[in-house]
Structures are given as structure tokens and as C-alpha cells.
Amino acid sequence: MPEFSGDRMGYDGVSVSGQLQVFGLAVLLGVGLGLVYEVFRLLRLAFSSQKTVVFVQDVLFSLTALISTFVFVVAVNEGQLRFFLLIGELCGFMVYYFTLGALIFRLSSLIIGTVRKILSFLFSPLKKALDRRASKKKAGKSKKNPKKITLFFKNHLQRTKQV
């Protein structure tokens, strides 16, 4: 992929400057993977995620990283996986995550929190009305069957005493 000049030679006859170019591209790939991870992180922030959803997101990110690394190594380095390429990806990811990623996450947290507060404020009258209606239905049911409720608690207390 990179044009290898005639300066000092590194592995397999590839110049050190060529290796540095490939390393720089690996760092850029790591930054790109950081952006992809940021999307998943923001989805988790915006929508409460269950463990299963988080697991699926982690698997999708891992597959994305794996496929991206494979395509990168084949396209840029003739299919030769070198340790310094993985280090470059990791460095790019970490640089993104702890700089721009941290800033984006803080801003997104602020925006998502504000939107949640606005929506909560807008929908609070509806929620209160529904809560009142639900509590009236529950109150009506308990008034109709007070004997059943007391029987339930008596039976439950007797069972717990036996254990």
C-alpha cells in the first residue's frame, strides 16, 4: 500500500518510513473503531439496556473490529499481521476514547439528560392522570374483597412461621 522508499529497511524489505505509514493508518483505524464504539455507548446511555442487549452490542462491536482489522491488514499490509499494527489500533482507540470520546460522552449525557427532563415535564400530567386512575382501580378492588386480602396475609404469615 504505502510507497516504500530506500531508507533503512525493516521487516521483509519494507522501509522504516513505510512501516511508520502503516502504523499511522492503524492508529487512524483505531480512531474509527473508537467512533463505532461511541455509537454503541451512546445507545446504552440513551436507552436503558438489558444485559442481553449490551452483550449483543459487544459482540457486534467485536465483529466490526475483527472484520475491519482483517480488511485493513489484507489491503494495507499484504495480509501480514504484525504486532505493531494491533498496537497502533489500540493506541488510536485509546487516544480517541480518552480525548474526543470523553468530550462527546459528556456532551451527549448532558443533552440526553436535558431531553429526558423536558419529556418528563411534558408527560407528567398524563402520567399523574394514569397513576390516579390506576390507584382508583386498585382501591376499588381492595374495598370489594377485604376478606380475601386478610386471608392471604394470614396464610402467608402462617407459612413463614412454619419455615
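See the structure printed just above.
What comes next concerns the included structure.

1. A closer look at the packing of helix α1 (residues 16–46) against helix α2 (residues 51–77)
One can describe the packing of α1 onto α2 by two numbers: an axis separation of 11 Å at closest approach and a directional angle of 165°. One finds that α1 runs roughly antiparallel with respect to α2. Between α1 and α2 lies a crossing whose hand is right-handed. Between α1 and α2, the residues in contact are Val-22, Leu-25, Ala-26, Leu-29, Leu-33, Val-36, Tyr-37, Phe-40, Leu-43 and Arg-44 and Val-54, Gln-57, Asp-58, Leu-60, Phe-61, Thr-64, Ala-65, Ser-68, Thr-69, Phe-72, Val-76 and Asn-77, respectively. Here the contact of α1 with α2 is composed, by residue class, of 15 nonpolar, five polar and two charged.

2. Remarks on unusual backbone geometry
Backbone geometry places Glu-78, a non-glycine residue, at a positive phi of 55°. Relative to the helices and strands, Glu-78 resides in the loop between α2 and α3 (83–98). The exposure class of Glu-78 is exposed, given its relative accessible area of 67%.

3. Quick look at the pattern of salt bridges
This structure, assessed with the given rule, holds two salt bridges. When the shortest N-O distance is used, the salt bridge between Glu-38 and Arg-41 registers 3.3 Å. With a gap of three residues between them, Glu-38 and Arg-41 both fall in helix α1, about one helical turn apart. The class of Arg-41 is buried, set by a relative accessible area of 13%. Where Asp-58 meets Arg-44, a salt bridge forms, and the shortest distance between an N and an O atom there is 2.4 Å. Taken together, the residues Asp-58 in helix α2 and Arg-44 in helix α1 connect sequence positions 14 residues apart. Asp-58 gets classed as partly exposed once you look at its relative accessible area, which sits at 32%.

What counts and what doesn't
Each residue is numbered by its place in its chain's sequence as written, counting from 1. With pLDDT at 70 or above as the cut-off, local features in this predicted model cover only qualifying residues; side-chain atom pairs require 80 or more to be listed or tallied, and sums for whole chains, interfaces and linings still use all residues. Water and hydrogen atoms were dropped before computing side-chain values, which therefore reflect all heavy atoms in the structure. Whenever a helix is involved, its axis is fitted only over the stretch in contact; in every case the axis is a line through C-alpha atoms, and angles between N-to-C directions fall within 0 to 180 degrees. Put simply, DSSP H or I for four residues or longer makes a helix, DSSP E for two residues or longer makes a strand, and each gets a number counted from the N terminus. Each angle gets one of four labels, with under 35 degrees taken as roughly parallel, over 145 as roughly antiparallel, 65 to 115 as roughly perpendicular, and the rest as oblique. In this scheme, a crossing is called left-handed if the near helix is turned counterclockwise away from the far one by less than a right angle; it is called right-handed if the turn is clockwise. By the convention used here, residues are in contact when the closest approach between their heavy atoms is within 4.5 Å. Three categories are distinguished: nonpolar for Ala, Val, Leu, Ile, Met, Phe, Trp, Tyr, Cys and Pro, charged for Asp, Glu, Lys and Arg, and polar for the others, with Gly belonging to the last. Three labels apply to residues, based on accessible area from a 1.4 Å probe with only protein chains included: buried if under 20% of the type maximum, exposed if over 50%, partly exposed otherwise in between. Between Lys or Arg on one side and Asp or Glu on the other, a salt bridge is scored when a side-chain nitrogen of the former is within 4 Å of a carboxyl oxygen of the latter.

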